[in-house]
Amino acid sequence: MASETFTFYIQPWYRKSPYFEATKRHGCRSWGLYNHMLLPTLYEDPVTEYWALLRDVTVWDVSVERCVEITGPDAFELTNLITCRDLTACAVGQCKYVLLTAADGGIVNDPVLLRLGEDHLWLALADSDALLYAAGVAAGRGLDVTIREADVAPMQVQGPKSKDVVRTLFGDRIADLRYYWCAEADLDGIPVVVSRTGWTGEVGYEIYLRDTARGDDLFEAVLQAGEPHGIRVIAPSEARRIEAGIFNYGSDMRVEDTPLHVSGLERFVELGQEQDFIGKAALAKLAESGVDRKLVGIEIGGDPMIDEGALNDFWPVHANGERVGRVTAGAWSPRLERNVGYAWVPISLGAERTALEVHSSAGLRDATVERLPFVDPNKEIPKG
Amino acid sequence: MKEPFSFTFYTATWYRKSPYWQRTVEAGCTSWDLYNHMLIPTLYDDDEREYWHLLEHVTLWDVAVERQVEVTGPDAARFAQLLTCRDLSACEVNQCKYAPIIAPNGGIVNDPILLRLGTDHFWFSLADSDALLYCLGVHAFAGLDVELREPDVSPLQVQGPRSKDVIGKLFGNEVRDLRYYWCWQGDLDGIPVVVSRTGWTGEVGYEIYLRDGSRGLDLWDAVMEAGAPHGIRAIAPSDQRRLEAGIFNYGNDMGIEDTPLHVTGMERLVEPAAEYIGKPALERLAAEGVDRKLVGIEIGGEPMRMWLEDFWPVRPAADGEVVGRLTSAARSFRLQKNIGYAWVPIALAEAGTALTIGSPDGPLPATVVPLPFWDPAKDVPKS
């Protein structure tokens, strides 16, 4: 059974991206909701879009990555306080994947941080109102900061030929940015920040538009520069992000889960840092005692998980005849020619090669716990 | 009239489904919205029919999207007071209050209904924002001994003049006769619930908070069975009726950029005796006065259809500059008028002020009017 569908009526409180008209023009057929905003989720079909991403270059409207801007004398202190990563070594112009943690270690959001100045930081958010968290902490701690949602609209340019496109648009300084670094730039008077980041594990960039009246101009300029390279407008690729071991906050993990519960996120809990951060004590204790459940990579047998076979619910996971967990993500990887995904399992079933049963809505599928990520563990592709 | 843009929506795992989902589908729900990361019914067959059913009979709504922030622990009362501009010092156990949560700068984080379930036990029944995250942030350095979580609680609304009969049948006279903004804790044949005399309508109504998500279908069926003699039907929240009552939709009418002092009818919720985060900012703003206001308006032209696709621009006159925006508008079928809310500069906020609304089909004349449009003393829901 495929996912359920219905007619969705756009209402004024669902914010539209500055690229909304452009995405309609270029064939977007369906949107999702993310940070109270419309996010393109389907153009043609996920497999065609996947191959365009792997072979050529693609552009995505991800304005929904709302940027919480923290400025003021205590901006760095606040930011460092709300993440388990040690930001003391984060230079101006550097980016970091950060986990915002609550006092019990729970994940509030998992944004990409951009340090634009000593006391000027952006958190490009996943789907939760993390601005409210930062505002609450600032109030409780009495910090001198200004927190707002910046009027900024990111787009992703991802795929092996993205370098050529970015070079045409912005020149060598930007095209040759190192992985997880960023810089300010402008394109014929359109102010932007460009970062060497993305939601794919491919070579890629994000372009953060800072004058949202210019959305259409920027979108068309990128398409024009990409035309010789066969650029294509696509939605975020579920298959590619799972291959890379990238998580989708709100679906794979939530505020009830800590980074220590998620395979691959443990290394971002930097307990050795000198300064305190919110959740440090709880995470130290949990590191000591160990977690009782884990989000792990799984291979899922059976028919390709596309169209009718797509994941339409958190399918239950069974072992030894008992329900023990749930699948949070799954997709057909066209190049691996198998279904890859994630599932929550008890820690006793978290070891590689453990056999599981997945109760899909169309019947039973075998599954096996696998090491994450499914491709390119050293991230040589995106760094390349 | 130009139709709002629509498209085929694909449900996905991360859009949570309510425990009543299956029943709403069976009852003929045709469209949903997203609210607190969860699907909420937004249209069954016809919004006008649903409106009249609410006014004349009794209706059942799936509002499981009203997620709760639960505050428990020895310092729960102090923590709850820290969050809201309402004075909770006289709030008794089993009393409810409309209690906006206030940010340090006075902005509205959310506008929940607060239920005091025990001396040290509160729920904030949320509008559409992750207010739990704000609470977690405040808690980190508040030095207060509380626990915060989103419990497994899924509300239903039973609204309309015959709702008393339905609640009486289900829970007996004690619950039927709950006073306006009070609640009761108990169970229905073993299904644990809280029932409150509240709702999003201005009609007589109740909310039933299911405390065990695995019993959703049982509770739905029990309410439908008790309501059958009274012609109960499932409907979506009625935009028309909530506008008549001067009720606001957080995220649509107002948001974190706005304070209660900016919104007509919310000023009285800022109570001087309360001590809370954001009080200094609101006191400053009260002294200075606000420079813009959300006001009620009547709009001329043809009867309005359901839903705007976008916020429509507001001008002082057809050829003037854009000075504000229309946030909500709908046809009040009984008043036979188009009614709505708009943000305007304070100089244009007085009742009787003429405005021009830029609809996609051309300019429409409008006038600022007092709120609410119906039943200012709330005699209907209190009756």
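This is a predicted model, so every value here is computed, not measured. (Residues numbered from 1 in each chain as written. Chains lettered and ligands numbered in written order. Predicted model: local features only at pLDDT ≥ 70, side-chain atom pairs only at ≥ 80, totals over all residues.)

A. Fine view of the overall build of chain A. Looking only at helices and strands, chain A has 10 helices and 22 strands in total. Along the longest, intermediate and shortest principal axes, the C-alpha atoms of chain A span 60 × 50 × 40 Å. Here chain A, with 384 residues, has 53% of them falling under the buried criterion. Put simply, 68% of the contacts in chain A that link residues at least 6 apart link residues at least 24 apart. (Helix = DSSP H or I, 4+ residues; strand = E, 2+ residues; numbered from the N terminus. Buried ≥ 20, exposed ≤ 12 C-beta atoms within 10 Å, placed from the backbone. Contact = placed C-beta atoms within 7 Å.)

B. Representation of the overall build of chain B in the model. Along the backbone of chain B there are 10 helices and 22 strands. A compact globule built from 383 residues would reach a C-alpha radius of gyration of about 21 Å, and chain B, at 21 Å, matches this within 12%. If one aligns the C-alpha atoms of chain B with their principal axes, the spans along those axes are about 65 × 50 × 40 Å. Taking the intrachain contacts of chain B between residues at least 6 apart in sequence as the baseline, contacts between residues at least 24 apart amount to 67%. (Rg over C-alpha atoms; globule rule 2.2 N^0.38 Å.)

C. Representation of the sheet that holds strand β12 (residues 154–159) of chain B in the model. Residue and element names in this part refer to chain B. Within the open sheet, the six strands sit side by side as β13-β14-β15-β12-β4-β16. Their pairing is mixed. Where the open sheet ends on each side, the last strands, each with one partner, are β13 (183–188) and β16 (233–234). Relative to β16, strand β4 (residues 59–62) runs parallel, the two being bridged by two bridges. The residue of β16 that forms the bridge with Leu 60 is Ala 234. (Pairing = 2+ DSSP bridges.)

D. Geometry of the confidence of the model for chain B. In the predicted model, chain B carries a mean pLDDT of 96, and 99% of its residues have values of at least 70. As a predicted assembly, this complex carries a pTM of 0.97 together with an ipTM value of 0.96. (pLDDT = per-residue confidence, 0-100.)

E. Spotlight on the interface of chain B and chain A. Each partner contributes to the interface: chain B provides 41 residues, whereas chain A provides 42 residues. When contributions to the side of chain B that touches chain A are tallied by element, the ones reaching two or more residues are β1 (6–10), β2 (31–35) and α4 (131–140) of chain B. The element best represented in the side of chain B that touches chain A is α4 of chain B, accounting for nine residues. Broken down by class, the residue content of the side of chain B that touches chain A amounts to 25 nonpolar, 13 polar and three charged. (Nonpolar A, V, L, I, M, F, W, Y, C, P; charged D, E, K, R; others polar.)

F. Molecular detail of the sheet that holds strand β15 (residues 204–209) of chain A. Residues and elements named next belong to chain A. Strand order in the open sheet formed by six strands is β13-β14-β15-β12-β4-β16, and the pairing between neighbours is mixed. Pairing within the sheet leaves two strands with one partner each, and these edge strands are β13 (182–187) and β16 (232–233). Across six bridges, strand β12 (residues 153–158) lies against β15 in antiparallel orientation. Following the sheet pairing, Ala 153 is matched in β15 by Leu 209.

G. Layout of the packing of helix α5 (residues 163–171) of chain B against helix α7 (residues 216–227) of chain B. Residue and element names in this part refer to chain B. Here α5 crosses α7 at 120 degrees, and the two axes come no closer than 9 Å. By the angle between their directions, the pair α5 and α7 is classed as oblique. As for how α5 packs across α7, the hand of that crossing is right-handed. Contact residues: α5 offers Val 166, Lys 169 and Leu 170, while α7 offers Ala 222, Val 223, Ala 226 and Gly 227. (Axes fitted to C-alpha atoms, helices over the stretch in contact; angles between N-to-C directions. Parallel < 35°, antiparallel > 145°, perpendicular 65-115°, else oblique. Left-handed = near helix turned anticlockwise from the far one by under 90°.)

H. Fine view of the nonpolar core. One finds Tyr 133 and Ala 134 of chain A to be the most contacted residues of the largest nonpolar core, which totals 240 residues. Sort the elements by how many residues they give to this core and helix α4 (residues 130–141) of chain A lands first, with nine residues. Those residues in contact with Ala 134 of chain A, other than ones at most four positions away along the chain, are Val 68, Ile 70, Leu 78, Ile 82 and Ile 147 of chain A together with Gly 137 of chain B. (Core = buried A, V, L, I, M, F, W, Y, C linked by C-beta atoms within 7 Å.)

I. Geometry of unusual backbone geometry. Of note, the bond from Leu 372 of chain A into Pro 373 of chain A is cis; its omega dihedral lies within 30 degrees of zero at -10 degrees. Mapped onto the elements of the fold, Pro 373 of chain A is located in the loop between β22 (363–370) and α10 (380–383). Here the bond from Leu 371 of chain B into Pro 372 of chain B is cis, since omega is -5 degrees, no more than 30 degrees from zero.

J. Region of the structure containing the packing of α4 of chain A against α4 of chain B. Remark: α4 of chain A packs on α4 of chain B, axes separated minimally by 7 Å, with the N-to-C direction vectors making an angle of 25 degrees. Between α4 of chain A and α4 of chain B, the angle falls in the class roughly parallel. For the pair α4 of chain A and α4 of chain B, the crossing hand works out as right-handed. Where α4 of chain A approaches α4 of chain B, its residues Ala 130, Leu 132, Tyr 133, Ala 134, Ala 135, Gly 136, Val 137, Ala 139 and Gly 140 of chain A are matched on the opposing element by Ala 131, Leu 133, Tyr 134, Cys 135, Leu 136, Gly 137, Val 138 and Ala 140 of chain B. In terms of residue class, the contact of α4 of chain A with α4 of chain B is made up of 14 nonpolar, three polar and no charged.

K. Structural detail: the environment of Lys 97 of chain B. All names here are of chain B. Among the structural elements, Lys 97 can be located in strand β6 (residues 96–98). Considered as a pair, Lys 97 and Leu 126 are 29 residues apart in the sequence and their alpha carbons are 12 Å apart. If we skip the residues at most four places from it in the chain, Lys 97 touches Arg 86, Cys 91, Leu 114 and Tyr 181.

L. Inspection of the environment of Ala 140 of chain B at higher detail. Structurally, Ala 140 of chain B can be placed in helix α4. If sequence neighbours within four positions are ignored, Ala 140 of chain B has contacts with Ala 103, Val 137, Gly 140 and Ile 278 of chain A.

M. View of the environment of Arg 16 of chain B. Residue and element names in this part refer to chain B. When you line up the elements, Arg 16 lands in the loop between β1 and α1 (21–26). The spacing of Arg 16 and Val 65 is 49 residues in sequence and 9.0 Å in space, taken between C-alpha atoms. Excluding anything up to four places from it in sequence, Arg 16 contacts His 37 and Met 38.

N. Representation of the pairing of strand β22 (residues 362–369) of chain B within the structure. Residues and elements named next belong to chain B. Where strand β17 (residues 292–299) lies against β22, four bridges are found, and the strand directions are antiparallel. Residue pairing in the sheet places Ile 297 in a bridge with Val 368 of β22. Across six bridges, strand β21 (residues 354–359) lies against β22 in antiparallel orientation. Bridge pairing links Ala 354 to Thr 367 in β22. Hairpin connection between β21 and β22: a loop of two residues separates the two successive antiparallel strands.

O. Here's a closer look at helix α2 (residues 47–56) of chain B. Those residues of α2 of chain B that fall on the buried side of the exposure criterion are Asp 47, Glu 50, Tyr 51, His 53, Leu 54 and Leu 55 of chain B. Buried residues along α2 of chain B sit in contact with β3 (38–43), β4, β12, β16 and α8 (239–244) of chain B.

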